[in-house]
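Each chain is listed here by its residues.
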Amino acid sequence: MRQFPCGLPSGLEILHLGHNRIHSLPKSSLEGLKELRVLNLQNNQISTLCANTLTLTFLEILECLYLDGNQIDSIHDAPSSFIDYARLPESLVYLDLKGKNIDTIHEREMSSLRRLQVLHICSNKLSTLPALNLLKLKLLYLDGNPWQCSCELLEVKKTLLTGLISAVNLQ
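Definitions and cut-offs
- Residues numbered from 1 in each chain as written.
- Predicted model: local features only at pLDDT ≥ 70, side-chain atom pairs only at ≥ 80, totals over all residues.
- Heavy atoms only, no water.
- Helix = DSSP H or I, 4+ residues; strand = E, 2+ residues; numbered from the N terminus.
- Buried < 20%, exposed > 50% of the residue type's maximum accessible area, 1.4 Å probe, protein only.
- Contact = heavy atoms within 4.5 Å.
- Areas by Shrake-Rupley, 256 points an atom, 1.4 Å probe, with all protein chains shown as cover.

**Q** Looking at this structure, I do not really get the overall build of the protein. What am I missing?
**A** Assigned secondary structure in the protein consists of 4 helices and 9 strands. Going from N to C terminus, the protein has its helices and strands arranged as β-α-β-β-β-β-α-β-α-β-β-α-β. Burial analysis of the protein (171 residues in total) assigns 43% to the buried set. Of the contacts formed within the protein by residues at least 6 apart in sequence, a portion of 58% connects residues at least 24 apart. Entry remark: accessible area of the protein is about 8,800 Å², with carbon and sulfur atoms responsible for 49%.

**Q** Help me understand unusual backbone geometry in this model?
**A** Residues apart from glycine generally show negative phi values, whereas peptide bonds are mostly found in trans. For Asn 43, which is not glycine, the phi torsion reads 55 degrees and is therefore positive. Within the element layout of this structure, Asn 43 appears in the loop between strand S2 (38-40) and strand S3 (48-49). When its relative accessible area of 29% is taken as the criterion, Asn 43 is described as partly exposed. Located in the positive-phi region is Ser 123, a residue other than glycine, with phi close to 55 degrees. Here Ser 123 is to be found in the loop between strand S7 (118-120) and strand S8 (139-141). Using a relative accessible area of 42% as the deciding quantity, one classes Ser 123 as partly exposed.

Below is the structure:
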């Protein structure tokens, strides 16, 4: 499959489109999917996002979003940070952004994700990470990033040492 399908049933709750050759994510194809809880787009060919492409806040009950295995390396007409640009829905519980070439995450970008329990940000280009004030976060995947010691990263380490959040494969 090369294109995101159109005319999907509005009551659709789970949509697995992983391992295809989809190259873009048109907002118009997603707008009617008000019941969507899981969106799996992993291992496609999404490489560039444009101004309207990835605004998902209208998916108000989306809980799981899988974007890993794509080659998102360019964002046109957008802030420098992928997460800030994506405008993710507050309902997310699981977010997989591994291997996205993300080099910056700001605290403000994550602050609306109050329900987030699992965050995969491994294999990106992150060198530091702000304190993540995500009260429900249980698992944080961080490996494969070029970490550099900073005061911000020290705060994250202190949080991880409390044992409230488990960091998996931290290298």
